[in-house]
Amino acid sequence: MPASRMWRDHELKESYDVVIIGGGVHGLATAYYLTKLGVKNIAILEAKYIGFGGSGRNTAIIRSNYRTPEGIAFYDHSVKLYEQLALDLDFNVMFSQHGHLTLAHNERGVTGLRERAHTNQLMGIDSRLIQPREIQELCPMMNVFGPQRYPIQAALYHPPGGIIRHDAVVWAYARGADRGGAHVHQLTEVNDIETPNGAVSAVVTNRGRIKTGIVLNATAGYASTICDMVNIPLALETHPLQAFVSEALKPWLHHVIVSSTLHIYISQSDRGELVSGAEVDDYLSYSLRGTLAFAEGGATHLLELFPFLANVKMLRQWAGLCDMTPDYSPIMGPVDEIKGFYITVGWGTYGFKAGPASGHLMAQCIQSGKTPKMLEPFLNSRFLRDQLVGEKAAASVSH
Ligand code: PYC
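Residues numbered from 1 in each chain as written. Predicted model: local features only at pLDDT ≥ 70, side-chain atom pairs only at ≥ 80, totals over all residues. Heavy atoms only, no water.

**Q** Is there a simple way to think about the nonpolar core in this case?
**A** What tends to happen in soluble globular proteins is that the nonpolar side chains get buried as a cluster. One finds I20, F74, V169 and Y173 to be the most contacted residues of the largest nonpolar core, which totals 67 residues. Examining the composition of this core, we find that eight residues originate from one element, helix α2 (residues 69–89), more than from any other. The contacts of F74, once residues within four sequence positions are left out, are M332, W347, A354, A357, S358, L361, M374, L375 and F378. Formed by 25 residues, the second largest nonpolar core is a distinct cluster that contains I21, V190, C227 and L236. (Core = buried A, V, L, I, M, F, W, Y, C linked by side-chain atoms within 4.5 Å. Buried < 20%, exposed > 50% of the residue type's maximum accessible area, 1.4 Å probe, protein only. Helix = DSSP H or I, 4+ residues; strand = E, 2+ residues; numbered from the N terminus. Contact = heavy atoms within 4.5 Å.)

Structure representation (structure tokens):
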């Protein structure tokens, strides 16, 4: 008997109650949680294939050790949903909570991490400042005490942080949404959104027109292109973020290691590959190509922390698109200008870890028509109110 497909193909229906643009973790999670709330007539439109965008191009780091109380509460909600996800979706998403270490190499860095540790602890998050001796115990292979340009002074240790298998997550959400009745439409590109009288009425795609009263923009890279269709400017810039992966090694790295001074983060996957990345490219671009400059810079910084990796081979390199907002926080919720138009965008370099929380809360928002409390700080209107949610210092690698 042929194996059954994880989700089915469908003809495009003439109308759906909800149309979700973007078949990444955010769109699929929203669809899945909507079906659990009883909303079944949903289309998820993906221009390429499921997980083609940021969901297939990230380094799959999960954590909640953010800086602001709003950010911490939100990402903690996501970690908790991730902890239950394999059970909830009946699919092994390979969540490995082996701990997350953010290194500080100077006094200002230590102060920043201490502040974060205190706020994390006040919010009930397992997160604390540790000294070089404990860092060395946790990661014996790291160059903690040897000669270095930027000696390690302390680290923020976050035991529940870790890594997950990103494609397992998107496939499992797609299957869950499909089983709940949602239609997953790949290779379906949105060309226009009709909004007569200030309310969503239809979405025009390369496969035809769909009548609908509710649209969710859950795209990355093209978030502003979709919002332009309804004349809503977004406060974001799109930058590529690159990463690379090494040949498989025996397991030796049992934590996620991040250094913003060295602009590097690294973890070891269950297959033994080292997965590493840096800060976003400093130019605006939609290019998905890797650069030699990034590979050289990343390798150089990595060798400062782990000199023994000098002869390890890099297998492949890639780039994804990151929509960076001024405060390094996402933009979620309904928009004031257009009835029935919702967004979950601006996910910068922190989108994958947030997928379950954004999906869960956006589904509640759409189903009830009311913005959940946890989403309120992230509304698009915060830029007009000048109430930013400053998370730049807690982005894994920020300049
Ligand atoms: O925010 O944890 C993070 C992250 C890791 C890689 C890019 N962003």
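**Q** I would appreciate a short explanation of the layout of surface pockets in the present structure.
**A** Regions of empty space are outlined by a rolling probe, equal in size to a water molecule, passed over the atoms. Each pocket or cavity is described by its volume, and for the second largest pocket that value is around 490 Å³. Sorting the residues of the lining of the second largest pocket by element identifies β4 (100–104) and α3 (107–122) as the ones contributing at least two each. Per-element tally for the lining of the second largest pocket: the top contributor is α3, with seven residues. Broken down by class, the residue content of the lining of the second largest pocket amounts to six nonpolar, 11 polar and six charged. (1 Å grid on protein atoms, 1.4 Å probe; cavity = no way out; pocket = protein on both sides within 12 Å on 5 of 7 lines; lining within 4 Å. Points joined across faces, edges and corners; volume = space filled by probe spheres on them. Nonpolar A, V, L, I, M, F, W, Y, C, P; charged D, E, K, R; others polar.)

**Q** Help me understand the site of the ligand in this model?
**A** Lining the immediate surroundings of the ligand are T59, I61, R63, Y66, Y265, T349, K353 and S396. Within the side chain of R63, a nitrogen or oxygen atom sits 2.8 Å from an oxygen atom of the ligand. Note that a nitrogen atom of the ligand is positioned 2.6 Å from one of the backbone N or O atoms of T349. Relative to its free-state accessible area of 240 Å², the ligand is covered by the protein chains to the extent of 96%. When its residues are assigned to classes, the shell around the ligand shows three nonpolar, three polar and two charged. (Near = heavy atom within 4 Å. Polar contact = N/O pair within 3.5 Å; in protein donor to acceptor, adjacent residues only side chain to side chain. Areas by Shrake-Rupley, 256 points an atom, 1.4 Å probe, with all protein chains shown as cover.)

**Q** Mind showing me how you'd approach unusual backbone geometry here?
**A** Most peptide bonds adopt trans geometry, and most residues besides glycine take a negative phi value. Positive phi, normally seen in glycine, also occurs at L187, with a value near 50°. In this structure, L187 sits in the loop between β8 (183–185) and β9 (190–194). At Y328, a position not held by glycine, the phi torsion is positive, near 60°.

**Q** Even after reading the chapter, I still don't get the sheet that holds strand β11 (residues 208–211), so can you show me in this structure?
**A** As a general point, the strands of a sheet are linked pairwise by backbone hydrogen bonds and lie either parallel or antiparallel. Pairing is antiparallel in the open sheet, where three strands are placed in the order β9-β10-β11. Every other strand in the sheet has two partners, leaving β9 and β11 as the edge strands with one partner each. Pairwise comparison of adjacent strand axes, ignoring direction, gives a mean angle of 20° for this sheet. Here strand β10 (residues 202–205) runs beside β11; their pairing, made up of four bridges, is antiparallel. Bridge pairing links V204 to R209 in β11. (Pairing = 2+ DSSP bridges. Axes fitted to C-alpha atoms, helices over the stretch in contact; angles between N-to-C directions.)

**Q** In this structure, what is going on with the packing of aromatic side chains? I would like to understand it.
**A** Both the distance between ring centres and the angle between the ring planes are used here to describe each pair of aromatic rings. Applying the stated rule across the entire model yields 16 aromatic pairs. An angle of 65° between the planes, with centres 5.1 Å apart, marks the rings of Y32 and Y33 as edge-to-face. Ring centres of Y66 and Y75 lie 3.8 Å apart, and the angle between their planes is 10°; this geometry places the pair in the stacked category. On the basis of relative accessibility, which here comes to 2%, the residue Y75 falls in the buried class. Members of the aromatic cluster, each reached through a chain of ring pairs, are Y66, F74, Y75, W347 and F378. Taking NZ or CZ as reference, K48 lies 5.3 Å from the ring centre of F52, over its face. Sitting over the ring of F52, R57 keeps its end group 4.7 Å from the ring centre. (Phe/Tyr/Trp six-rings, centres within 6.5 Å; stacked < 30°, edge-to-face > 60°. Lys NZ or Arg CZ within 6 Å of the ring centre and 35° of its normal.)

**Q** Is there a simple way to think about the sheet that holds β8 in this case?
**A** An order of β8-β2-β1-β12-β19-β18 is seen for the six strands of this open sheet, with the pairing classed as mixed. Looking at the sheet topology across the chains shown, the edges are occupied by β8 and β18 (331–334). Going from strand to strand, the sheet's axes swing by 15° on average, the running direction of each strand aside. In this structure, strand β1 (residues 18–21) lies alongside strand β12 (residues 215–217), joined through three bridges in parallel fashion. Across the sheet, the residue bridging to I20 is L216, located in β12. On the sheet, helix α8 (residues 355–368) packs against β1, β12, β18 and β19 (341–345) and is oriented at approximately 170° with respect to β19.

**Q** I tried to follow helix α1 (residues 25–36) on my own but got confused; where do I start?
**A** The periodicity of an α-helix, 3.6 residues per turn, causes residues three or four places apart in sequence to face the same way. Between its first and last C-alpha atoms α1 spans 16 Å; for 12 residues at 1.5 Å apiece the expected length is 16 Å, and the two agree. Burial of α1 is extensive: 11 of the 12 residues sit out of reach of the surface. Buried residues of α1: V25, H26, G27, L28, A29, T30, A31, Y32, Y33, L34 and T35, and no others. Where α1 ends, the next residue or the one after it, G38, has phi of about 95°, a positive value. (Expected span 1.5 Å × (residues − 1).)

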